[in-house]
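The primary structure of each chain is shown beneath.
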Amino acid sequence: MTLTATSFDWVRQLVHRESAIVLQPGKEYLVEARLLPMAQQRGLSGVSELVESVRNRPDPATTRRIVEALTTNETSWFRDGDPFTSLTSTVLPQLLAARRPDERLQIWSAACSSGQEAYTIAMLLADAMPNAATRVSITATDLSQKMVERTRAGRFSQLEVNRGLPATMLVRHFTRSGNEWEIAPALRRMITATECNLAAPLPRMGPFDVVYLRNVLIYFDLPTKQAILTRVRQLMRPDGWLFLGAAETTLGVDENWERVVLGRGSAYRPRKGA
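Because the structure is predicted, anything quoted here is derived from the model rather than measured. (Residues numbered from 1 in each chain as written. Predicted model: local features only at pLDDT ≥ 70, side-chain atom pairs only at ≥ 80, totals over all residues. Heavy atoms only, no water.)

On a plain count of helices and strands, the chain comes out with twelve helices and ten strands. Each principal axis of the C-alpha distribution contributes one length, and for the chain these read about 60 × 50 × 30 Å. Every one of the 274 residues in the chain was classed for burial, and the buried ones make up 49%. Of the accessible surface of the chain, which amounts to about 13,200 Å², a share of 51% is contributed by carbon and sulfur atoms. In the chain, 34 side chains carry a positive charge and 28 a negative one; their mean positions are 4 Å apart. (Helix = DSSP H or I, 4+ residues; strand = E, 2+ residues; numbered from the N terminus. Buried < 20%, exposed > 50% of the residue type's maximum accessible area, 1.4 Å probe, protein only. Areas by Shrake-Rupley, 256 points an atom, 1.4 Å probe, with all protein chains shown as cover. Lys, Arg positive; Asp, Glu negative; His and termini not counted. Charge placed at Lys NZ, Arg CZ, Asp CG, Glu CD.)

See the structure below:
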């Protein structure tokens, strides 16, 4: 049974209402692919029957699963490279020079997916700072409860560690656990993983010295992007750093940020008085 226009429209509205993510017309194939396994688990003929069953008998748990299934969880280690190179070459030295020796650096990996970004940061800082375990706190958040649980576990398949993780870091920071690789407990303790909907009022966190908000804004409409950037800025220190995805920018969205060129990439800092 193919996805009907009515069912697709209902899913679009649900996802936008719950997460502010915009599913444009033409994404029917994505809805079919992501929700078909859920329909099959229930013995239903297709996604439209799944949608109709939820519409007729509202079920918060199933509704949540639908929304989570349609959020993108694409990730890898050291994704795009430059935001991580810049962290240790430029950002970290400046922050350490500006902070007291007893001040803890706070970093936020927003939309952390299954944790590769947060653990990439933790590994880099552990290699660059002998006291990283006590000097740095990393908050990892995601809309998906499943992704948050995976981040907390810190366990990855062979296929996952093959996606961008240098062999030297795998040996140094992971141990084999059956068919998976488990990150060192000291690095796992640096990270606090929790659920967070970026399109809703944010919980009390921070203030953050560095925020990684990468490959997220592209899924939202302009008003939602503006609201997210405003809320993120309110959780940052005045001299903090914001890293966006390679295809993202604050230009034309929120002018309260200053773009700073860092090597082959760039980062953003709150404008004074913003």
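For the structure shown, the criterion picks out eight aromatic pairs. For the ring pair Trp77 and Phe174, a centre distance of 5.7 Å and an interplane angle of 90° mean the geometry is edge-to-face. Taken as a pair, Trp77 in the loop between helix H4 (60–69) and helix H5 (82–98) and Phe174 in strand E4 (residues 174–177) lie far apart in primary sequence, 97 residues in all. For Trp77, a relative accessible area of 2% translates into the label buried. Taking relative accessible area as the criterion, Phe174 reaches 5% and is therefore assigned buried. By way of ring pairs, the aromatic residues Trp77, Tyr119, Phe156 and Phe174 are connected into one cluster. (Phe/Tyr/Trp six-rings, centres within 6.5 Å; stacked < 30°, edge-to-face > 60°.)

On to the pattern of salt bridges, then. Evaluated as defined, the whole model comprises 17 salt bridges. Two residues, Glu18 and Arg17, come together in a salt bridge whose shortest N-O distance is 3.8 Å. Residue Asp254 pairs with Arg233 through a salt bridge whose shortest N-O separation is 2.7 Å. With Asp254 in the loop between strand E8 (236–244) and strand E9 (257–262) and Arg233 in helix H12 (residues 222–234), the pair connects residues that are 21 residues apart, well separated along the chain. Each of Arg99, Glu103, Asp209, Arg237 and Asp239 takes part in salt bridges that share partners, so that together they form one network. (Salt bridge = Lys/Arg side-chain N within 4 Å of Asp/Glu carboxyl O.)

Moving on, we come to unusual backbone geometry. For the bond from Gly206 to Pro207, the omega torsion is 5°, close enough to zero to count as cis. With respect to the helices and strands, Pro207 occurs in the loop between strand E6 (191–195) and strand E7 (208–213). Positive phi outside glycine occurs at Ala20, with the angle close to 70°. Along the chain, Ala20 falls in the loop between helix H1 (5–19) and helix H2 (28–41). Its identity is not glycine, yet Asp80 carries a phi of approximately 75°, on the positive side. Summarising the element assignment, Asp80 is placed in the loop between H4 and H5.

Tracing the chain through its elements places Ser144 in the loop between strand E2 (136–142) and helix H8 (145–153). For Ser144, the side chain forms a polar contact with the main-chain nitrogen of Lys146, separated by 3.3 Å. (Polar contact = N/O pair within 3.5 Å; in protein donor to acceptor, adjacent residues only side chain to side chain.)

Attention now goes to the domain arrangement of the chain. Each assigned domain of the chain is listed with its residue range as follows: domain 1 (5–70) and domain 2 (82–270). Computed from C-alpha atoms alone, the centre-to-centre distance between domain 1 and domain 2 is 30 Å. Contacts between the two partners involve nine residues from domain 1 and, on the opposite side, eleven residues from domain 2. Roughly 720 Å² is buried in total at the junction of domain 1 and domain 2, and carbon and sulfur atoms are behind 50% of that figure. Scanning the region where domain 1 abuts domain 2 turns up one salt bridge. Between Glu195 and Arg64 there is a salt bridge; the shortest N-O distance is 2.1 Å. Counting residues per element, the ones that place at least two in the side of domain 1 that touches domain 2 are H1 and H4. Of the residues in the side of domain 1 that touches domain 2, the class split is four nonpolar, two polar and three charged. (Domains from an automatic or database assignment. Contact = heavy atoms within 4.5 Å. Buried area = accessible area lost by both parts, 1.4 Å probe. Nonpolar A, V, L, I, M, F, W, Y, C, P; charged D, E, K, R; others polar.)

Here Glu103 lies in the loop between H5 and strand E1 (105–109). In this structure, the C-alpha to C-alpha distance between Glu103 and Thr134, residues 31 residues apart in sequence, is 9.8 Å. For Glu103, the residues in contact, after removing those within four places along its chain, are Arg135 and Arg237. Within polar-contact distance, the side chain of Glu103 engages the backbone nitrogen of Arg100 at 2.8 Å. Polar contacts involving the side chain of Glu103 include one to the side chain of Arg237, which spans 3.4 Å.

Here Ser48 lies in helix H3 (residues 47–56). A polar side-chain atom of Ser48 sits 2.9 Å from the main-chain amide nitrogen of Thr4.

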